[in-house]
Amino acid sequence: MKLVTYKTATREGLGLIVNDQLFDLNTCGVILPGCMTEFLNGGEVLMEKAKRIEEQIKAKQINARVIEQYELLAPVPNPTSCRDGYAFRQHVESARRNRGADMIKEFDQYPIFYFTNHNAIYGPGDINCMPDHFNKLDFELEAAIVIGKPGRNIKAVDADSYIAGYMIMNDLSARTLQMEEMLLNLGPAKGKDFATVIGPWLVTADELQPYKTKPKPGHTGAAYNLEMTCKVNGIEVSKGNMADMDWTFAEIIERASYGVDLYAGDVIGSGTVGTGCFLELNGTGILNDYNYKTQWLQPGDEVTMEITGLGTLTNTMVAEATDWSILKQKK
């Protein structure tokens with residue numbers, strides 16, 4: 001299934017994408033919650049009801065309402081939390097090499113993540129950024145999962161059953177803010193907390209079965225052969241594959257849930273795919289050519305991410321009408 005949160009001129013609702021059409025789930029003879037968080041809290045019971053509705057729509061057994069005019073929001077507009085992992089070795093290794101650092105051995109010992117701002121979640125469309133955000137504004141091409149049921153101390157071998165679905169994630173990053181604050185060995189915080197983009201829809205695992213592959217040797221959990229690309233103003237700048245995740249989402253869930261409750265509606269990102277951000281691309285370019293022209297996102301830039309089976313996520317970077325800067329407030 002492809003589940004969405006959408007907005008019309010009069011309301012927000014929970015919908016289902018079938019054959020490129022949006023159907024309102026609450027006009028299908030079954031009463032379901034009107035928002036994604038409540039729907040996910042209903043667990044497998046509500047998920048099965050939605051799957052039956054999808055089957056009936058495809059078989060033309062019900063006269064479901066098609067929504068013609070709508071705007072897609074983030075599939076999970078108000079996640080209960082948002083973590084982001086560090087699962088692609090290529091990205092970590094390249095970024096460290098570019099700044100003259102050896103690959104850190106701990107990467108291969110355990111998966112890590114950080115918490116980002118779950119109250120700054122966006123879907124397709126405009127992303128408003130402050131002046132300091134445009135000081136080396138960067139995209140990060142990622143995939144993400146949504147937890148579908150509560151759990152604690154979840155073992156990796158069982159963790160895939162806790163995943164409600166998959167999405168594209170763009171972990172927007174203000175690199176100057178990020179690099180300055182992380183000199184103090186905390187963060188990322190202000191460099192990351194202004195916008196995380198997810199969407200365009202939440203795709204359940206059954207849709208991805210044709211792409212299933214084996215995880216990396218020595219790892220546990222589902223893996224998928226899904227091509228990942230990012231274009232800026234129509235020009236491809238990044239390309240990778242979700243199968244290149246060294247740490248699986250199942251293993252990240254295992255670590256995240258150790259001694260901690262996970263809840264339906266928690267979002268967890270994969271971390272950046274190799275070549276999946278300007279920070280890495282610029283560093284590699286300069287390493288190979290001192291005269292390499294670096295690139296960062298500018299006001300008006302359109303960022304389009306596509307992942308096989310997960311759709312296309314497009315955003316435009318918009319400058320806030322202000323000159324307020326916290327970088328200028330440094331003592």
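Peer 1: Account for a nonpolar patch on the surface, with residues named and values stated.
Peer 2: Taken together, the side chains of Tyr86, Tyr110 and Ile112 make up a nonpolar region of the molecular surface, amounting to roughly 250 Å² of accessible area. Tracing the sequence through the fold places Tyr86 in the loop between β6 (81-85) and α3 (89-98). For Tyr86, a relative accessible area of 34% gives the class partly exposed.

Peer 1: How would you explain the pairing of strand β18 (residues 227-232) if you had to name every residue and give the values?
Peer 2: Pairing analysis gives six bridges linking β18 to strand β19 (residues 235-241), with the strands arranged antiparallel. Note on β19: the bridge partner recorded for Thr229 is Lys239. Two strands pair when backbone bridges link them, and β18 and strand β22 (residues 302-307) are joined in this way by five bridges, in the antiparallel orientation. Note that in β22 the partner of Val232 across the bridge is Val303.

Peer 1: So what about the packing of aromatic side chains? Which residues, and what values?
Peer 2: Taken as a whole and assessed by the stated rule, the structure comprises five aromatic pairs. Centre to centre, the rings of Phe113 and Phe115 are 5.7 Å apart; their planes meet at 80°, and the pair counts as edge-to-face. Residue class for Phe113 comes out partly exposed when judged on its relative accessible area of 27%. Plain terms: the ring middles of Tyr166 and Phe249 are 6.1 Å apart, the flat faces sit at 70° to each other, and that makes the pair edge-to-face.

Peer 1: Residue-level account of empty space enclosed by the protein, with values.
Peer 2: Summed over all chains, the structure comprises one cavity of 30 Å³ or more. Taken as a whole, the largest cavity encloses approximately 80 Å³ of empty space. For the largest cavity, the full set of lining residues is Tyr166, Pro215, Ala222, Ala223, Tyr224, Met242, Ala243, Met245, Trp247, Thr248 and Phe249. Each residue belonging to the lining of the largest cavity can be placed in one class, and the counts come to ten nonpolar, one polar and no charged.

Peer 1: Before we move on, could you go through the packing of α3 against helix α7 (residues 278-288) and cite the residues and values that matter?
Peer 2: One way to put it is that α3 packs onto α7 with a least axis distance of 9 Å and a crossing angle of 45°. Judged on the interaxial angle alone, α7 and α3 are oblique. With respect to the hand of their crossing, α3 and α7 are arranged in left-handed fashion. Across the interface between the two elements, Gln90, His91, Ser94, Arg97 and Asn98 of α3 pack against Glu280, Gly283, Thr284 and Leu287 of α7.

Peer 1: Which residues make up the sheet that holds strand β23 (residues 311-319), and what values do they have?
Peer 2: Judged by pairing direction, the sheet is mixed, and its five strands sit side by side in the order β9-β23-β22-β18-β19 without closing on themselves. Looking at which strands have only one partner, the edges of the open sheet turn out to be β9 (125-129) and β19. For this sheet, the mean inter-axis angle between neighbouring strands, taken without regard to orientation, is 20°.

Peer 1: Explain helix α5 (residues 175-182) to me, using residue names and the numbers behind them.
Peer 2: By the burial criterion, the buried members of α5 are Arg175, Thr176, Leu177, Gln178 and Glu181. Looking at the buried positions of α5, the neighbouring elements they touch are β10 (137-138), β14 (173-174) and α7.

Peer 1: Give a detailed account of the pattern of salt bridges, specifying residues and quantitative values.
Peer 2: For the structure on display, the rule yields 19 salt bridges. The closest approach of N and O atoms between Arg83 and Asp266, which form a salt bridge, is 3.7 Å. Pair noted here: Arg83 is in strand β6 and Asp266 is in strand β21 (residues 266-269), with a separation of 183 residues, a long-range link. Given a relative accessible area of 2%, Asp266 falls into the buried group.

Peer 1: Hey, could you go over the environment of Gln21 for me, with residue numbers and the actual values?
Peer 2: Mapped onto the elements, Gln21 comes out in strand β3 (residues 21-24). The spacing of Gln21 and Ile67 is 46 residues in sequence and 7.6 Å in space, taken between C-alpha atoms. Apart from residues no more than four positions distant in its own chain, Gln21 is found in contact with Leu16 and Val66.

Peer 1: Describe the side chain of Asp246, with residues and values.
Peer 2: Looking at where Asp246 falls in the secondary structure, it is placed in the loop between β19 and α6 (249-256). If we skip the residues at most four places from it in the chain, Asp246 touches Ala87, Phe88, Arg89, Phe107, Lys216, His219 and Glu251.

Peer 1: Break down the nonpolar core for me, with residues and values.
Peer 2: Formed by 63 residues in total, the largest nonpolar core has its most connected members in Phe139, Tyr166, Met242, Phe249, Ile253 and Leu297. For this core, the element with the most residues is α6, which contributes five residues. Core analysis: the second largest hydrophobic core is formed by 31 residues, Phe23, Val146, Met167 and Leu202 among them.

Peer 1: Give a description of the pairing of β21 that names residues and reports values.
Peer 2: Every second residue of β21 is oriented toward a common face, with Asp266 and Ile268 on one face and Val267 and Gly269 on the other, all of them buried. Pairing between β6 and β21: four bridges, direction parallel. Note that in β21 the partner of Ser81 across the bridge is Asp266. Taken together, the three bridges between strand β11 (residues 141-147) and β21 define a ladder with antiparallel strand orientation. The partner of Ala144 across the bridge, within β21, is Gly269.

How each quantity is defined
- Residues numbered from 1 in each chain as written.
- Predicted model: local features only at pLDDT ≥ 70, side-chain atom pairs only at ≥ 80, totals over all residues.
- Heavy atoms only, no water.
- Patch = residues over 30% accessible without salt bridge, like charges linked within 9 Å, V, L, I, M, F, W, Y side chains within 5 Å.
- Areas by Shrake-Rupley, 256 points an atom, 1.4 Å probe, with all protein chains shown as cover.
- Salt bridge = Lys/Arg side-chain N within 4 Å of Asp/Glu carboxyl O.
- Helix = DSSP H or I, 4+ residues; strand = E, 2+ residues; numbered from the N terminus.
- Buried < 20%, exposed > 50% of the residue type's maximum accessible area, 1.4 Å probe, protein only.
- Pairing = 2+ DSSP bridges.
- Phe/Tyr/Trp six-rings, centres within 6.5 Å; stacked < 30°, edge-to-face > 60°.
- 1 Å grid on protein atoms, 1.4 Å probe; cavity = no way out; pocket = protein on both sides within 12 Å on 5 of 7 lines; lining within 4 Å.
- Points joined across faces, edges and corners; volume = space filled by probe spheres on them.
- Nonpolar A, V, L, I, M, F, W, Y, C, P; charged D, E, K, R; others polar.
- Axes fitted to C-alpha atoms, helices over the stretch in contact; angles between N-to-C directions.
- Parallel < 35°, antiparallel > 145°, perpendicular 65-115°, else oblique.
- Left-handed = near helix turned anticlockwise from the far one by under 90°.
- Contact = heavy atoms within 4.5 Å.
- Core = buried A, V, L, I, M, F, W, Y, C linked by side-chain atoms within 4.5 Å.

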